[in-house]
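Examining the three-dimensional arrangement
The primary structure of each chain is shown beneath.
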Amino acid sequence: MVLIPPKPITLYCCNICPWAARTWIALTQANVEYEYVEIDLKNKPEWFLRDVNPGGKVPTLKYGEDLIIESAVTTEFIADLFPEAGLLPKDAFKLAQSRLMADRFMELIFPIYRKAVFASNLEVIPTIFGEIDKFVPYLINPSPFFGGSDHPILAEILIVPFISRLYLLLESEYSPKEVYTKLSTDPKYKIFNDWSGALMASPGVAKTFDKSLNAKFFAERIVAK
Ligand SMILES: N[C@@H](CCC(=O)N[C@@H](CS)C(=O)NCC(=O)O)C(=O)O
């Protein structure tokens, strides 16, 4: 079923931006009717800066004549506008647990991606195992998704863009081969690996994540030391 918003939605996005991917995934997974506009961030269109968002960042969401920015806010807006999409657990405690899980991910695991891709610090990659050990206690009943949900919930949608990019990085020439092998075969990491695999295979993620564009982005960003 296509979800029709009360006012037209336009998503100004960039196909390799993980922050914009949060909102793109939410709209795609919930099967919302919206218009997608790709913004070339290396050559931002004048009309985008003049008429849409002078801040020049994606994601930018237009809802009727109103603008919403900041990916955590734009993505939560989709969850709030379409309660029937089931992106927010109804139980307040479960919702709190899911928010804590996403916070811990951003605090523990996200910095590995940031340092590797934006500071070309590839030495941090093997530290992922220690961070996963600290993170997993917050990942409550991921079978297949948080809290036993049969589809990714908002907290997972906020972090999956970084999971898919981390796996791409671990599978690439920038990462020691043993790291990906250990993550994908050692029973100790099975919970994290199975959950990540389910998230990456979920339709909202699979339809929006382009491996080759992101691999090209890594090649441009990561400088050999
Ligand atoms: N805190 C922002 C970050 C968004 C962001 O940094 N987007 C980047 C692309 S990945 C961007 O628009 N960069 C263009 C610029 O900074 O001029 C959010 O969560 O929405």
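Computed from a predicted structure; not experimentally measured.

Our focus in this paragraph is the site of the ligand. Near the ligand, the surroundings consist of Cys17, Trp19, Leu41, Lys44, Gly56, Lys57, Val58, Pro59, Glu70 and Ser71. Side-chain polar atom of Lys44 to an oxygen atom of the ligand: 2.4 Å apart, as the coordinates give it.

With that settled, the discussion passes to the sheet that holds strand β2 (residues 35-38). Hydrogen bonding along the main chain pairs the strands of a sheet, whether they run parallel or antiparallel. Taken together, the four strands give an open sheet; going across it, the order is β2-β1-β3-β4, and neighbouring strands pair in mixed fashion. Across the chains shown, the open sheet's two edge strands, defined by having one partner strand only, are β2 and β4 (66-69). The mean inter-strand angle of the sheet, taken between neighbouring strand axes irrespective of direction, is 20°. Of the strands in this sheet, β1 (9-13), β2 and β3 (60-63) are in contact with helix α1 (residues 18-29), which crosses β1 at around 145°. In this fold helix α3 (residues 71-81) packs onto β1, β3 and β4, with an angle of close to 120° to the strand it touches most, β4.

Time to look at the domain arrangement of the chain. Domain parsing of the chain yields domain 1 (9-85) and domain 2 (92-221). Between the C-alpha centres of domain 1 and domain 2 the distance comes to 22 Å. In this complex, domain 1 contributes 19 residues to the contact, which on the side of domain 2 involves 21 residues. Here domain 1 meets domain 2 over a buried area of about 1,700 Å², counting both sides, of which 69% is carbon and sulfur. Among the residues domain 1 hides against domain 2, the three largest losses belong to Ile16, Ile25 and Gln29. Together they make up 35% of the total. Between Lys42 and Glu220 there is a salt bridge; the shortest N-O distance is 3.4 Å. Remark: the boundary between domain 1 and domain 2 carries five residue pairs in polar contact (both at pLDDT 80 or more). The set of elements that each furnish at least two residues to the side of domain 1 that touches domain 2 consists of α1 and α3. A per-element tally of the side of domain 1 that touches domain 2 places α1 first, with nine residues. Along the lines of polarity and charge, the residues of the side of domain 1 that touches domain 2 split into 11 nonpolar, five polar and three charged.

Another point: the nonpolar core. Phe105, Phe135, Leu169, Trp195 and Phe218 are the most contacted members of the largest nonpolar core, which totals 75 residues. Ranked by residues supplied to this core, first place goes to helix α7 (residues 154-170) with 13 residues. Split by domain, the residues of this core number at least three in each of domain 1 (9-85) and domain 2 (92-221). Contacts of Phe105, omitting those with residues within four sequence positions, involve Phe110, Phe135, Ile159, Phe162 and Ile163.

Helix length check: α1, at 12 residues, gives a terminal C-alpha distance of 16 Å against a target of 16 Å (1.5 Å per residue), a fit within 8%. In terms of burial, α1 is a largely internal element, 10 of the 12 residues being buried. Among the residues making up α1, those that are buried are Pro18, Ala20, Ala21, Arg22, Thr23, Trp24, Ile25, Ala26, Leu27 and Thr28. At the exit of α1 stands Asn31, carrying a positive phi of roughly 60°.

Okay, the environment of Glu65 next. By the element assignment, Glu65 lies in the loop between β3 and β4. Judged by its relative accessible area of 69%, Glu65 falls in the exposed class.

With the rule as written, the count across this model stands at nine salt bridges. The salt bridge partner of Glu76 is Arg99, with a shortest N-O separation of 3.2 Å. Remark: Arg99 occurs in helix α4 (residues 92-108) and Glu76 occurs in helix α3; sequence separation between them is 23 residues. According to the relative accessible area criterion, Arg99 is partly exposed, its value standing at 41%. Among the salt bridges present, the one from Lys134 reaches Glu131, with a minimum N-O distance of 3.2 Å. Linking Lys134 with Glu131, this pair stays in helix α6 (residues 128-135), spanning three residues, or about one helical turn. Classification of Lys134 as partly exposed rests on a relative accessible area of 47%. Three or more residues joined by partner-sharing salt bridges are found here, namely Glu46, Arg50 and Asp51.

Parameters and conventions
- Residues numbered from 1 in each chain as written.
- Predicted model: local features only at pLDDT ≥ 70, side-chain atom pairs only at ≥ 80, totals over all residues.
- Heavy atoms only, no water.
- Near = heavy atom within 4 Å.
- Polar contact = N/O pair within 3.5 Å; in protein donor to acceptor, adjacent residues only side chain to side chain.
- Pairing = 2+ DSSP bridges.
- Helix = DSSP H or I, 4+ residues; strand = E, 2+ residues; numbered from the N terminus.
- Axes fitted to C-alpha atoms, helices over the stretch in contact; angles between N-to-C directions.
- Contact = heavy atoms within 4.5 Å.
- Domains from an automatic or database assignment.
- Buried area = accessible area lost by both parts, 1.4 Å probe.
- Salt bridge = Lys/Arg side-chain N within 4 Å of Asp/Glu carboxyl O.
- Nonpolar A, V, L, I, M, F, W, Y, C, P; charged D, E, K, R; others polar.
- Core = buried A, V, L, I, M, F, W, Y, C linked by side-chain atoms within 4.5 Å.
- Buried < 20%, exposed > 50% of the residue type's maximum accessible area, 1.4 Å probe, protein only.
- Expected span 1.5 Å × (residues − 1).

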